[in-house]
Amino acid sequence: MSPLLRRKEKKRPGERMVTLIGKPGCHLCDDAQEVIEMVCAETGAQWEKKDISQDEELYRLHWEQIPVVLVDGEQHTFWRVNPDRLRRALGT
C-alpha cells in the first residue's frame, strides 16, 4: 500500500506532545499556557515550553505569531488556544 494512503497509527493522549512557543512577558503566551496546562492535565498529554528569545531558528520561524502551539511537532494554532479544538487534536 502506498505510504500516502496508509493511516497513521493513532497515538494515545499520554504519547502526545504539545509544545508552546513563546517568550517571557507575553500575556498571550501566559493565556495559552493556562489552556495547555488545563487540557494536558485532563487528557494526560505531555507539554513543553520553548522560548523564542533563546532559539534563533524558532525566532526566525515564529516571531510574529507567538504564542505558537504545536501538537506532535506540527503547528496547531497561534495567538489564541481554543481548549475544545486542542482536546480534539489530542484525540479526546
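Residues numbered from 1 in each chain as written. Predicted model: local features only at pLDDT ≥ 70, side-chain atom pairs only at ≥ 80, totals over all residues. Heavy atoms only, no water.

- As annotated in an unreviewed UniProt entry, the chain carries the name Glutaredoxin family protein and comes from Streptomyces katrae.

1. Description of the pattern of salt bridges
Consideration 1: Considering all chains together, one arrives at 6 salt bridges under this definition.
Consideration 2: Its salt-bridge partner being Arg60, residue Glu57 comes within 2.6 Å of it at the nearest N-O pair. One end of the pair is Glu57 and the other is Arg60, both in helix α2 (residues 56–62) and 3 residues apart, which spans about a single turn.
Consideration 3: Residue Glu57 is classed as partly exposed on the basis of its relative accessible area, which comes to 41%.
Consideration 4: The exposure class assigned to Arg60 is exposed, which follows from its relative accessible area of 54%.
Consideration 5: Each of Glu42, Asp84 and Arg87 takes part in one network of salt bridges that share partners. (Salt bridge = Lys/Arg side-chain N within 4 Å of Asp/Glu carboxyl O. Helix = DSSP H or I, 4+ residues; strand = E, 2+ residues; numbered from the N terminus. Buried < 20%, exposed > 50% of the residue type's maximum accessible area, 1.4 Å probe, protein only.)

2. Examining the environment of Gln75
Consideration 1: With respect to the helices and strands, the residue Gln75 is situated in strand β4 (residues 74–78).
Consideration 2: A C-alpha to C-alpha distance of 9.7 Å links Gln75 and Val18, two positions 57 residues apart in sequence.
Consideration 3: In this structure, Gln75 is in contact with His62, Gln65, Val68, Val69 and Leu70, ignoring residues within four places of it in sequence. (Contact = heavy atoms within 4.5 Å.)

3. Re the packing of aromatic side chains
Consideration 1: Inspection of every chain in the model, using the stated rule, returns 2 aromatic pairs.
Consideration 2: Between the aromatic rings of Tyr59 and Trp63, the centroid separation amounts to 6.4 Å while the plane-to-plane angle is 20 degrees, which identifies the pairing as stacked.
Consideration 3: The class of Tyr59 is partly exposed, set by a relative accessible area of 44%.
Consideration 4: Of the residues examined, Trp63 reaches a relative accessible area of 47% and is grouped as partly exposed.
Consideration 5: Measuring from ring centre to ring centre gives 4.6 Å for Phe78 and Trp79, while their planes differ by 75 degrees; the resulting arrangement is edge-to-face.
Consideration 6: Relative accessible area serves as the criterion here: at 30%, Phe78 is assigned to the partly exposed category.
Consideration 7: The exposure class assigned to Trp79 is partly exposed, which follows from its relative accessible area of 43%. (Phe/Tyr/Trp six-rings, centres within 6.5 Å; stacked < 30°, edge-to-face > 60°.)

4. Quick notes on the side chain of Thr77
Consideration 1: As for its placement among the helices and strands, Thr77 is situated in strand β4.
Consideration 2: For Thr77, the residues in contact, after removing those within four places along its chain, are Pro67, Val68, Val69 and Arg85.

5. Things to note about the side chain of Thr19
Consideration 1: Inspection of the secondary structure puts Thr19 in strand β1 (residues 17–22).
Consideration 2: By relative accessible area, Thr19 is classed as buried at 4%.
Consideration 3: Looking at Thr19, its side chain comes within polar contact range of the side chain of Glu48, at 2.9 Å.
Consideration 4: Those residues within four positions of Thr19 in sequence are excluded, and the remaining contacts are Glu48, Lys50, Val68, Val69 and Leu70. (Polar contact = N/O pair within 3.5 Å; in protein donor to acceptor, adjacent residues only side chain to side chain.)

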